[in-house]
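Spelled out from the first residue to the last, the chains are:
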Amino acid sequence: MTLRPEALALLAAACWAVSSLFSAGPAQRLGAFAFSRWRMLFASLILWALALMGGGWRSLDASALGLLALSGVIGIFIGDTVLFACMNRLGPRRSGVLFATHALFSAVIAWFYLGEVLWGRALIGSGLLVGGVMLAILWGRRSDEKHGWEQTRGPLIIGVGLGLAAALCQSVATLMLKPLMTTGVDAVAASAARMSMALLAHTVLLASGWHGARAKVPMRWKDAWLTFLSAAVAMALGMTLILAAMRLGQAGLVAVLSSVSPILILPLLWLVYRRRPAAGAWLGAALAVLGTELILRPT
């Protein structure tokens, strides 16, 4: 049975939420550029293996590869790297609320670029969902939380700018593929092409000799395993689910639903640190659930 595009978007959000738990440690130790490069390498290997086994690579032609390459550079090479630079400065919770603004960017871009407009219950539900996400993360910290993921490293304004830039890159790179995905391009093969171009850009940057592209410390086996898990869950699975959702779903609505990953992070952080989220987190989560229910409710 084929899942609805809205369900695919929610599954992608779950993938990104789980992946953040794998990513935070190695991203801080290796640095944003080195971590992203290793993650893209693992994801590319996984995706190409699946595309070759399933035959999806046959759906790609020269024009599709060019657009996928551009999307990969914007959304993965620039966007993903900037996101982890933000996470290294602000932690996964606060970087999550900044990245959640990609839903707002996507709704506006989809309106101008694709002519998609949200009306009625979908508009109300989208507003509740995005508002709930923002509320849950902004008020989701308990006053006595002191763990490393809540610390600010460097100027706050730089971290905020990095998070918003990552959100904008995600929106542009995803929405530009909406017309292509409706032609029947295989989602796994498309993800593999995007990932490979982003990896190539990272490799060129490393070969240029720029110091910031190098790893802060040598890769350890534990970091390699966590990076592989992050690549498999977030990039190989999560990004492929989003492209599949774009094929049949309304682009702005798919982006809104995929923005719930920060809500899903809250119970995961509860499991990791055994600390109950703050009251604001519960209120935000309730609003997000209500908004999701309004969006998904049959007409």
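Look up: the structure comes first, before these words.
What you see as residue numbers is a count from 1 along each chain, following the sequence as written. For a predicted model such as this one, the threshold for reporting local features is a pLDDT of at least 70, and the threshold for listing and counting side-chain atom pairs is 80 or more; totals across whole chains, interfaces and linings nevertheless cover every residue. Side-chain numbers come from the whole structure's heavy atoms, not from hydrogens or water.

Caption draft 1: Examining the overall build of the protein more closely. Helix and strand counts for the protein come out as 12 helices and zero strands. Numbering of helices and strands runs from the N terminus; a helix is a DSSP stretch of H or I covering at least four residues, while a strand is a stretch of E covering at least two. Ordered by position from the N terminus, the helices and strands of the protein form the series α-α-α-α-α-α-α-α-α-α-α-α. In this description the radius of gyration comes from C-alpha coordinates, and the expected globular size is given by 2.2 Å times residues to the power 0.38. Taking 2.2 N^0.38 as the reference for a compact globule, 299 residues should give roughly 19 Å; the C-alpha atoms of the protein span a radius of gyration of 18 Å, in line with that estimate. With the C-alpha coordinates of the protein rotated into their principal frame, the extents come out at 50 × 50 × 35 Å. Categorising residues by exposure relies on relative accessible area from a 1.4 Å probe, with only protein chains included: less than 20% of the type maximum marks a residue as buried, more than 50% marks it as exposed, and the intermediate range marks it as partly exposed. Residues classed as buried in the protein amount to 53% of the 299 residues present. Here, two residues are considered to be in contact whenever any of their heavy atoms come within 4.5 Å of each other. A sequence separation of at least 24 residues applies to 91% of the contacts in the protein between residues at least 6 apart. Only the protein chains shown count as covering a residue, and every accessible area follows the Shrake-Rupley method with a 1.4 Å probe. Here the protein displays about 13,200 Å² of accessible surface, and carbon together with sulfur accounts for 72% of that area.

Caption draft 2: Broad picture of the side chain of Ser261. On the secondary structure map, Ser261 appears in helix H11 (residues 261–273). For Ser261, the contacting residues outside a window of four places in its chain are Ala13, Trp16 and Ala17.

Caption draft 3: Structural view of the packing of helix H2 (residues 32–54) against helix H9 (residues 221–248). Each axis is a line fitted through C-alpha atoms, and for a helix only the stretch in contact is used; angles between axes span 0 to 180 degrees, taken between their N-to-C directions. At a minimum axis distance of 8 Å, the contact between H2 and H9 shows a crossing angle of 60°. In terms of their interaxial angle, H2 and H9 are classed as oblique. Both H2 and H9 take part in a crossing whose hand is right-handed. Within the contact between the two elements, H2 uses Phe35, Trp38, Arg39, Met40, Phe42, Ala43, Ile46 and Leu47 and H9 uses Ala224, Thr227, Phe228, Ser230, Ala231, Ala232, Ala234, Met235, Ala236 and Thr240. Throughout, the ten residues Ala, Val, Leu, Ile, Met, Phe, Trp, Tyr, Cys and Pro are labelled nonpolar, Asp, Glu, Lys and Arg are labelled charged, and all others, Gly among them, are labelled polar. Across the contact of H2 with H9, the residue classes tally to 14 nonpolar, three polar and one charged. Here is the rule for angles: anything less than 35 degrees is roughly parallel, anything more than 145 is roughly antiparallel, 65 through 115 is roughly perpendicular, and the remaining ranges are oblique. Whether a crossing is left-handed or right-handed is set by the direction in which the near helix is turned from the far one by less than a right angle, anticlockwise for left-handed and clockwise for right-handed.

Caption draft 4: Region of interest: the packing of aromatic side chains. Two rings from Phe, Tyr or Trp (for Trp, the six-membered ring) form a pair when their centres sit within 6.5 Å of each other. Planes less than 30 degrees apart are called stacked, planes more than 60 degrees apart edge-to-face, and all others tilted. All chains considered together, the criterion is met by five aromatic pairs. Summarising the aromatic geometry, the rings of Trp38 and Phe42 are spaced 6.0 Å apart at their centres and angled 40° between planes, so their arrangement reads as tilted. Of this pair, Trp38 and Phe42 both sit in helix H2, four residues apart, which is roughly one turn of the helix. Among the residues examined, Phe42 registers a relative accessible area of 17% and is labelled buried. Ring geometry for Phe42 versus Phe228: centroids 5.7 Å apart, planes at 80°, classification edge-to-face. In this pair, Phe42 is assigned in helix H2 and Phe228 in helix H9, connecting sequence segments 186 residues apart. A relative accessible area of 29% places Phe228 in the partly exposed class. Members of the aromatic cluster, each reached through a chain of ring pairs, are Trp38, Phe42, Trp225 and Phe228.

Caption draft 5: Just the state of the cysteines, in detail. Counting rule for disulfides: a pair of cysteine sulfur atoms within 2.5 Å. Considering all chains together, one arrives at zero disulfides under this definition. With no disulfide partner, Cys169 has as its closest neighbouring cysteine sulfur the one in Cys86, 12 Å distant.

Caption draft 6: Summary view of the nonpolar core. Side-chain atoms within 4.5 Å are what join buried Ala, Val, Leu, Ile, Met, Phe, Trp, Tyr and Cys residues into a set we call a nonpolar core. Ranked by internal contacts, the top residues of the largest apolar core, which has 52 residues, are Met40, Ile76, Leu129, Met195 and Met235. For this core, the element with the highest residue contribution is H9, accounting for nine residues. Once residues lying within four places of it in the same chain are set aside, the contact partners of Met235 are Arg39, Met40, Ala43, Leu47, Ile76, Asp80, Met195, Ser230 and Thr240. One finds Leu68, Met176, Leu180 and Ala189 within the second-largest nonpolar core, a separate group that totals 14 residues.

Caption draft 7: Up close: the environment of Leu290. Residue position: Leu290 is located in helix H12 (residues 279–296). The sequence separation of Leu290 and Arg247 amounts to 43 residues, and the corresponding C-alpha distance is 26 Å.

Caption draft 8: Geometry of the packing of H2 against helix H8 (residues 187–207). At their nearest, the axes of H2 and H8 sit 8 Å apart, and the two run at 145° to each other. Once H2 is placed against H8, the crossing between them reads as left-handed. Contact residues: H2 offers Phe33, Ser36, Arg37, Met40, Leu41, Ala43, Ser44, Leu47, Trp48, Leu50 and Ala51, while H8 offers Val188, Ala189, Ser191, Ala192, Ala193, Met195, Ser196, Ala198, Leu199, His202, Leu205 and Leu206. Classifying every residue of the contact of H2 with H8 by side-chain character gives 17 nonpolar, five polar and one charged.

Caption draft 9: Geometry of H12. Between its terminal C-alpha atoms H12 stretches 26 Å, which fits the 26 Å expected from 18 residues at 1.5 Å a residue. Buried within H12 we find Gly280, Ala281, Gly284, Ala285, Ala288, Gly291, Thr292, Leu294 and Ile295. One less than the residue count of a helix, multiplied by 1.5 Å, gives the span that helix is expected to have.

Caption draft 10: Structural detail: the pattern of salt bridges. One side-chain nitrogen of Lys or Arg within 4 Å of one carboxyl oxygen of Asp or Glu is enough to make a salt bridge. Overall, the coordinates contain four salt bridges when judged by the stated rule. Of the charged contacts, one joins Asp223 and Arg29 as a salt bridge, the two residues approaching to 2.6 Å between their closest N and O atoms. Of this pair, Asp223 sits in helix H9 while Arg29 sits in helix H1 (residues 5–30), placing them 194 residues apart in sequence. We classify Asp223 as buried; its relative accessible area is 0%.

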